[in-house]
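Structural features, examined
The chain contents come next:
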Amino acid sequence: MRDNEVAALLDHAVATVELPPGLAQRVVTRSRARRRRRLLLSGGTVAAVVAAGALLLPQLGPAGGGSEGGGAASSAVADVPAGIVGADGRPVTQAQVVAVGRMGTETLVLIRREPRAEERPAGGHAAEVLITSDGGGPRRLLDYLSYDLACVDGDAVCAAVRSTGSGLGVAVARRSGGRLYVLVQAPQGRTVEVVADGVSHPLGAAPRGAVAEVVAAEPYDEVQVWASTTDGQRYRIPWAPGAVLTD
């Protein structure tokens, strides 16, 4: 059945039965969003140029408005918890932090690492991922996270931005306490938006990371992370294998 036929049928139902006003438009809009996601998944695959190792996404910091349809507002800028040390056993400096974000009762910290030799020529970026819980000390979730090596197929903006050397940015999803949080970081001069099952969560600028709480059963299928440049061009920050973190 076509969209206009669905809308007409539901509008007739609204006229004869007391259904919520605007239901027809919401149903049509949601069905279109699902079709767009299916086309994206079938037509554009993420080229993972990374060697071995799980990939992950980092945090977001600046505040952006929450959206209706589920999900809390983005987090305030998070500080690196005390006691965080790098792989060398030394306290981390701000220059080493790729992203940090508060997720419920946890704080996720991505610490910069040297990329592997095989990833360096392709412009690879790497980080280790640590987490602290309220009342608990830091623990390492991943020793090595390789990111920023892929673009959605056919996305010319993504490829052009990456070629500047400033990077695409990084995104990670974390399940915690039955909730799903997305931590995103993008270089200076860009803004970030998380779209979960058709619901937009604008996060604004996130040079140190920002977090959105979203509603989604399958993050890889239902959640997209977008960055926009100052001239209005938009590209996807791609998910990578291992980007959804669980204990």
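Bear in mind that the values here come from a model prediction, so they are computed numbers and not experimental data.

This part covers the overall build of the protein chain. Along the backbone of the protein chain there are 4 helices and 12 strands. Among the 247 residues that make up the protein chain, the fraction classed as buried is 46%. Intrachain contacts of the protein chain at a sequence separation of at least 6 include 60% that bridge at least 24 residues. Accessible surface computed for the protein chain: about 12000 Å², of which carbon and sulfur atoms make up 54%.

Going through the model one piece at a time under the given rule, you end up with 1 disulfide. Residue Cys 151 pairs covalently with Cys 158 via a disulfide, S to S 2.3 Å. Every disulfide takes its handedness from the sign of the S-S torsion; for Cys 151 and Cys 158 that torsion is -85°, giving left-handed. In this pair, the class of Cys 151 matches that of Cys 158, namely buried.

A word on the pairing of strand β6 (residues 179–185). For β6, the buried fraction is high: 6 of the 7 residues fall into the buried class. By the bridge criterion, 7 bridges tie strand β5 (residues 170–176) to β6 in an arrangement that is antiparallel. Following the sheet pairing, Arg 175 is matched in β6 by Leu 180. In sequence, β5 turns back onto β6 through a hairpin of 2 residues, with Gly 177 there showing a positive phi of about 60°. Sheet topology places β6 next to strand β9 (residues 210–214); 5 bridges connect them, and they run antiparallel. Bridging across to β9, Leu 180 finds its partner in Val 214.

Attention shifts here to the sheet that holds strand β7 (residues 190–196). Across the sheet, which stays open at both edges, the 4 strands sit in the order β8-β7-β10-β11 with antiparallel pairing between neighbours. In the strand order of this sheet, the two ends are held by β8 (199–205) and β11 (234–236), each with one partner. Taking the axes of each pair of neighbouring strands and ignoring which way they run, one obtains an average angle of 25° across the sheet. Inspection of the sheet shows β7 paired to strand β10 (residues 223–229) by 7 bridges, in the antiparallel sense. Looking across to β10, one finds that Thr 191 is bridged to Ser 228. Packed on one face of the sheet, helix α3 (residues 156–163) meets β7, β10 and β11 and runs near 90° to β11.

Across the sheet, 4 strands lie side by side as β1-β2-β3-β4; this open sheet has antiparallel pairing. What marks the edges here is a single partner per strand, and that holds for β1 (97–103) and β4 (139–147). Sheet twist, expressed as the average angle between the axes of neighbouring strands with direction ignored, equals 20°. Of the pairings in the sheet, the one linking strand β3 (residues 125–133) to β4 comprises 6 bridges and is antiparallel in character. Along β4, the bridge assignment pairs Val 129 with Leu 142.

Turning our eyes to something else, we now look at the pattern of salt bridges. Throughout the structure, instances matching the rule amount to 7 salt bridges. Between Glu 128 and Arg 140 there is a salt bridge; the shortest N-O distance is 2.7 Å. Here the residue Glu 128 occupies a position in strand β3, and Arg 140 occupies one in strand β4, the gap between them amounting to 12 residues. What makes Arg 140 partly exposed here is its relative accessible area of 34%.

Our next topic: the side chain of Gln 224. Structurally, the position occupied by Gln 224 is in strand β10. Overall, the relative accessible area of 13% leaves Gln 224 in the buried class. A distance of 3.0 Å separates polar atoms of two side chains, one belonging to Gln 224 and the other to Trp 226.

A word on the packing of aromatic side chains. Going through the model one piece at a time under the given rule, you end up with 1 aromatic pair. An angle of 70° between the planes, with centres 6.0 Å apart, marks the rings of Tyr 220 and Trp 239 as edge-to-face. One end of the pair, Tyr 220, is in helix α4 (residues 219–222); the other, Trp 239, is in the loop between β11 and β12 (244–245), and 19 residues separate them in sequence. For Tyr 220, a relative accessible area of 37% gives the class partly exposed. Here the guanidinium or amino end of Arg 116 rests over the ring plane of Tyr 144, the centre of that ring lying 3.7 Å away. Sitting over the face of the ring of Trp 226, Arg 236 holds its NZ or CZ atom 5.7 Å from the ring centroid.

Reading the values: rules and limits
- Residues numbered from 1 in each chain as written.
- Predicted model: local features only at pLDDT ≥ 70, side-chain atom pairs only at ≥ 80, totals over all residues.
- Heavy atoms only, no water.
- Helix = DSSP H or I, 4+ residues; strand = E, 2+ residues; numbered from the N terminus.
- Buried < 20%, exposed > 50% of the residue type's maximum accessible area, 1.4 Å probe, protein only.
- Contact = heavy atoms within 4.5 Å.
- Areas by Shrake-Rupley, 256 points an atom, 1.4 Å probe, with all protein chains shown as cover.
- Disulfide = S-S within 2.5 Å.
- Pairing = 2+ DSSP bridges.
- Axes fitted to C-alpha atoms, helices over the stretch in contact; angles between N-to-C directions.
- Salt bridge = Lys/Arg side-chain N within 4 Å of Asp/Glu carboxyl O.
- Polar contact = N/O pair within 3.5 Å; in protein donor to acceptor, adjacent residues only side chain to side chain.
- Phe/Tyr/Trp six-rings, centres within 6.5 Å; stacked < 30°, edge-to-face > 60°.
- Lys NZ or Arg CZ within 6 Å of the ring centre and 35° of its normal.

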